[in-house]
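What follows is the residue order along each chain.
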Amino acid sequence: MLSFIHKALWWELRMKLLASTILLLFGIAILYFYYFNIILLLIGIFCTLAGIYLCYIYIVNRHVNDSRLMQILLKDKKQIVWVYSIVTQRMPFGFQIWNAGTFYFKLIDGDEITLSIPAEQLKELSESLNMLLPHATFGYSRDKEQWYMANPELLLQHREE
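No experiment lies behind these values; they were computed from the predicted model shown.

1. What to know about the overall build of the protein
Here is step 1 of the chain: Across its full length, the protein holds five helices and four strands.
Here is step 2 of the chain: Secondary structure of the protein in N-to-C order comes out as α-α-α-β-β-β-α-β-α.
Here is step 3 of the chain: A globule of 161 residues ought to have a C-alpha radius of gyration of about 15 Å, yet the protein, at 20 Å, is considerably larger.
Here is step 4 of the chain: For the protein, the residues scored as buried account for 34% of the 161 residues in total.
Here is step 5 of the chain: Taking contacts inside the protein between residues at least 6 apart in sequence as the whole, the part at least 24 apart equals 55%.
Here is step 6 of the chain: When the accessible surface of the protein is split by element, carbon and sulfur atoms take 61% of a total near 10,500 Å².
Here is step 7 of the chain: Once the 14 positive and 14 negative side-chain charges of the protein are each reduced to a mean point, those two points are 5 Å apart.

Here it is in structure tokens:
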């Protein structure tokens, strides 16, 4: 079960690394072609530095097993009280070009962790998480959001008393 989550975390990390590399290359291109324009030069410097910084962060944190979500799933699953997903459809001019899915893991301390995955994998990951987290509430509703804001423990399915 965790292998699917591991794969999703790995995919998300690679997408972030790709985006930061593109930002870095974009900044270098601006610096190379527009060095005579001070405004574009500053934009190029900012993009280059941001790309370098983000690449560094993602390279240093390249071990998926060290991520916060994996640590919680391996050591203390009870921290996760509510899980839901949202599908985002990109449809410029009415043509669907991209579906993206985001899982939200709401924690008992009020914090949240998000995981972006392809929309086609949402159902499979949701089924795995249902088996892995039987104590958590699944799905989004306004009532659940209000319960979570009031007291995250209200969303635990099998409270120990």
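2. With respect to helix 2 (residues 38–60)
Here is step 1 of the chain: The terminal C-alpha atoms of helix 2 lie 33 Å apart, and with 23 residues this matches the ideal 33 Å at 1.5 Å per residue to within 8%.
Here is step 2 of the chain: Among the residues making up helix 2, those that are buried are G44, C47, T48, A50, G51, C55 and Y58.
Here is step 3 of the chain: The backbone nitrogen of I39 has a side-chain oxygen 3.1 Å away, supplied by the residue at the start of helix 2, namely N37.

3. Thoughts on the side chain of E12
Here is step 1 of the chain: Along the polypeptide, E12 turns up in helix 1 (residues 2–33).
Here is step 2 of the chain: The side chain of E12 is buried and forms no salt bridge, while K16, the nearest opposite charge, is found at 4.1 Å.
Here is step 3 of the chain: Contacts of E12, omitting those with residues within four sequence positions, involve T114, L115 and S116.

4. Describing the packing of aromatic side chains
Here is step 1 of the chain: Tallying each qualifying case throughout the model produces nine aromatic pairs.
Here is step 2 of the chain: Between the aromatic rings of W82 and Y84, the centroid separation amounts to 4.7 Å while the plane-to-plane angle is 40 degrees, which identifies the pairing as tilted.
Here is step 3 of the chain: Accessibility expressed as a relative area gives 1% for W82, which makes it buried.
Here is step 4 of the chain: Here Y84 falls in the buried class, since its relative accessible area comes to 9%.
Here is step 5 of the chain: Through successive ring pairs, a cluster of aromatic residues spans W82, Y84, Y104, Y140 and Y148.

The rules behind each value
Residues numbered from 1 in each chain as written. Predicted model: local features only at pLDDT ≥ 70, side-chain atom pairs only at ≥ 80, totals over all residues. Heavy atoms only, no water. Helix = DSSP H or I, 4+ residues; strand = E, 2+ residues; numbered from the N terminus. Rg over C-alpha atoms; globule rule 2.2 N^0.38 Å. Buried < 20%, exposed > 50% of the residue type's maximum accessible area, 1.4 Å probe, protein only. Contact = heavy atoms within 4.5 Å. Areas by Shrake-Rupley, 256 points an atom, 1.4 Å probe, with all protein chains shown as cover. Lys, Arg positive; Asp, Glu negative; His and termini not counted. Charge placed at Lys NZ, Arg CZ, Asp CG, Glu CD. Expected span 1.5 Å × (residues − 1). Polar contact = N/O pair within 3.5 Å; in protein donor to acceptor, adjacent residues only side chain to side chain. Salt bridge = Lys/Arg side-chain N within 4 Å of Asp/Glu carboxyl O. Phe/Tyr/Trp six-rings, centres within 6.5 Å; stacked < 30°, edge-to-face > 60°.

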